Amino acid sequence: MTHGFSLTDDPWLLLPPATGEPAQERSLRTALLEAHKFGDLVVEIPTQKPAVFRQVLLPLIVAALGRPADEREWMNWYSTGQWSQEQRLKLQEYLDAHRGLFDLFDPVQPFGQVAGLSTTKGATKNAGLIVATAATGNNVPLFASRTERHTFPLTPAQAAHWLLHTQCWDTAGIKTGAMGDSQAKAGKTTGNHTGPLGQMGVTLLAGRTLFETLLLNIPVGAPPTSTDLPQWKRRDPAGPRPASTPQWRTRAPEGLLDLWTWQSRRIRLLPEATEEGLRVTRVLVAAGDRMPHTPETEPHTMWRVEPTGGRNSVKDKDRTTLPRRPLRLQPGKAAWRGLDALLAPERQSREAGEKTSGFARSKVLDQAGGLVPELGEAYPLRVELFGVAYGSQSAVIDDVMFDALPLPLAALGADSDVRSALLEVAEQAEHLATAVNHLSADLRRALGAEPIPWDKGQRPGELVLHTLDPLVRRLLTGIRGVEDLERIEVGQRAWEQLAWRRSGEIADRLLQAVPVGAFAGRSTSQGEGKPERTHRVPLAEASFLRRRAEILHRADALRSNSANPDGE
């Protein structure tokens, strides 16, 4: 029996109206053509969002309309708040012309899959294999309510989301060897990388409507070349191992469309009719194309820039290019703690010295920085960061990471006062955490114990950062649209006063937990020929208070002026 599910015309994208009503499932056609009427895409887990945007929404727009050639043309697109009549017609024509390529269960060209993909024994696996949160094989999520024996009947809409997610974030390691894959051995392929997004931290920009969000994530530049095609157009059997065959190869992306729709796996979804309706119950996931490294044209990641004079520098005839590696997110670390990377302008990274390493922000974020005069400093930009932490040789998913920051556009300027203020705030928070950790270590030494190792256990500095988190986010929102240096200074003073109080509360808890015997102190050896060092509670407290006053100098000055109103 033949089943069908058209991503073009059947509802599968959960979108709320921009006016705030409950979200409803929409078709791809409706989502794109009426993008100005919708708010943010709603997904089951955060990492599905960049998968849907990069595998479908963004490449469809670029394939149908091209890219804005420069920032002026980008603003022309943006200024109308919706697609022009000409653009709507082009999108309609593209969707109509390629409608057959977007059928999830087409028997010949199923979207994002290989028709007839099979193994020598005809084996398939539970559909939970493509569900990142499901217990399957070695991937057993903590506190999972289901086991591998449970069935995972996926609706066509769910299957579409998890199909795209697998292409972007799948685990590494051994994959099923498919018939027709000459590189499979003993029914397996080894050495598979994670999905391409699993090798970087993904940054997406979000605006007020889906239309704005889509534009914010399209980098300006030249139109696609004749060889830069999305995966749904790479189905010519005469081509070099197209995405519709079991064969794969290691290659570099041909361009942006190829990069966004990269087929890191060969997949087949197997639907069946059930009492609840059409469901995907079995799947097959085999090896797909391998990307040697993330290309520098990747627009949605931050970069770690290595020193140009190091042995890793890459020379290209008359110039030396900066070696770059995608910056990955760290589990448990709030996005604002990486503001130095988020706010590092491209110009700054190019000017790095021979012995200086640093960061470069994503291309789309750098592009937004150049649009500040047009968008206005009060524009409510939100930066969303996505990542996956893998374990056991990247063969299992340990954690899915997501954070969103309200980012003032003014902070994207290289010489911006807002940028300097925010970088100082982030640095102050880290220093306060370190100061509390030092206090904890000194108190433990006064008790005759060793400090908590930096890589074991939870140190109290983490509690400081957790406590300061809502204060930093409040400042990020409050400083949006503020241009006056005096008002920025007022915001920093308010932040420091709150940070003074919150860090002091945590320090007081540590001090109150110290037994009376610790006040006598302990002496520790500093090495041969050096005097012993005595650790006492009063000394530890005084050291913390001194450090806090140095870190939060504005709050300290305010307190000093309050204590001495006449300056005496």
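In short, a report on the structure. (Residues numbered from 1 in each chain as written. Predicted model: local features only at pLDDT ≥ 70, side-chain atom pairs only at ≥ 80, totals over all residues. Heavy atoms only, no water.)

**Some remarks on unusual backbone geometry**
- For Gln393, which is not glycine, the phi torsion reads 60° and is therefore positive.
- With respect to the element layout, Gln393 can be found in the loop between strand E14 (382-391) and strand E15 (396-406).
- Here the phi dihedral of Ser394 falls at roughly 60°; this positive angle occurs in a residue that is not glycine.
- Position of Ser394 relative to the elements: it lies in the loop between E14 and E15. (Helix = DSSP H or I, 4+ residues; strand = E, 2+ residues; numbered from the N terminus.)

**Here we look at the nonpolar core**
- Among the nonpolar cores identified, the biggest contains 139 residues, and Trp12, Leu269 and Trp336 are the most heavily contacted of them.
- Top element by residues in this core is helix H12 (residues 417-446). It accounts for 12 residues.
- Setting aside its immediate chain neighbours within four residues, Trp12 contacts Phe5, Leu7, Glu25, Arg26, Ser27, Leu28, Val56, Ala157, Ala160, His161 and Leu164.
- Membership of the second largest hydrophobic core comes to 5 residues, among which are Val114, Leu117, Ala178 and Ala286. (Core = buried A, V, L, I, M, F, W, Y, C linked by side-chain atoms within 4.5 Å. Buried < 20%, exposed > 50% of the residue type's maximum accessible area, 1.4 Å probe, protein only. Contact = heavy atoms within 4.5 Å.)

**What to know about the pairing of E14**
- The buried count for E14 comes to 9 of 10 residues, which makes it a mostly enclosed element.
- Where strand E6 (residues 202-206) lies against E14, 5 bridges are found, and the strand directions are antiparallel. Bridged to Val202 within E14 is Phe386.
- Pairing of E14 with E15 involves 10 bridges; the strand directions are antiparallel. Considered in E15, the bridge of Phe386 is made with Phe402.
- In this structure, the hairpin formed by E14 and E15 is closed by a connection of 4 residues, where Ser392 is found at a positive phi of approximately 45°. (Pairing = 2+ DSSP bridges.)

**Let's talk about the packing of aromatic side chains**
- All chains considered together, the criterion is met by 8 aromatic pairs.
- Relative to Phe402, the ring of Phe386 lies with its centre 5.1 Å away and its plane at 40°, an arrangement referred to as tilted. Taken together, the positions of Phe386 in strand E14 and Phe402 in strand E15 put the pair 16 residues apart, joining distant regions of the chain.
- The class of Phe386 is buried, set by a relative accessible area of 1%.
- Grouping aromatic residues by their ring pairs yields a cluster made of Trp74, Tyr78 and Tyr379. (Phe/Tyr/Trp six-rings, centres within 6.5 Å; stacked < 30°, edge-to-face > 60°.)

**Concerning the environment of Leu28**
- Considering the arrangement of structural elements, one finds Leu28 in helix H1 (residues 28-33).
- Exposure remark for Leu28: the relative accessible area of 0% places this residue in the buried category.
- Residues Leu28 and Thr8, spaced 20 residues apart in sequence, show a C-alpha to C-alpha distance of 4.8 Å.
- Non-local contacts of Leu28, meaning those with residues more than four positions away in its chain, are made with Leu7, Thr8, Asp10, Trp12, Leu13, Val56, Leu57, Leu60 and Phe102.

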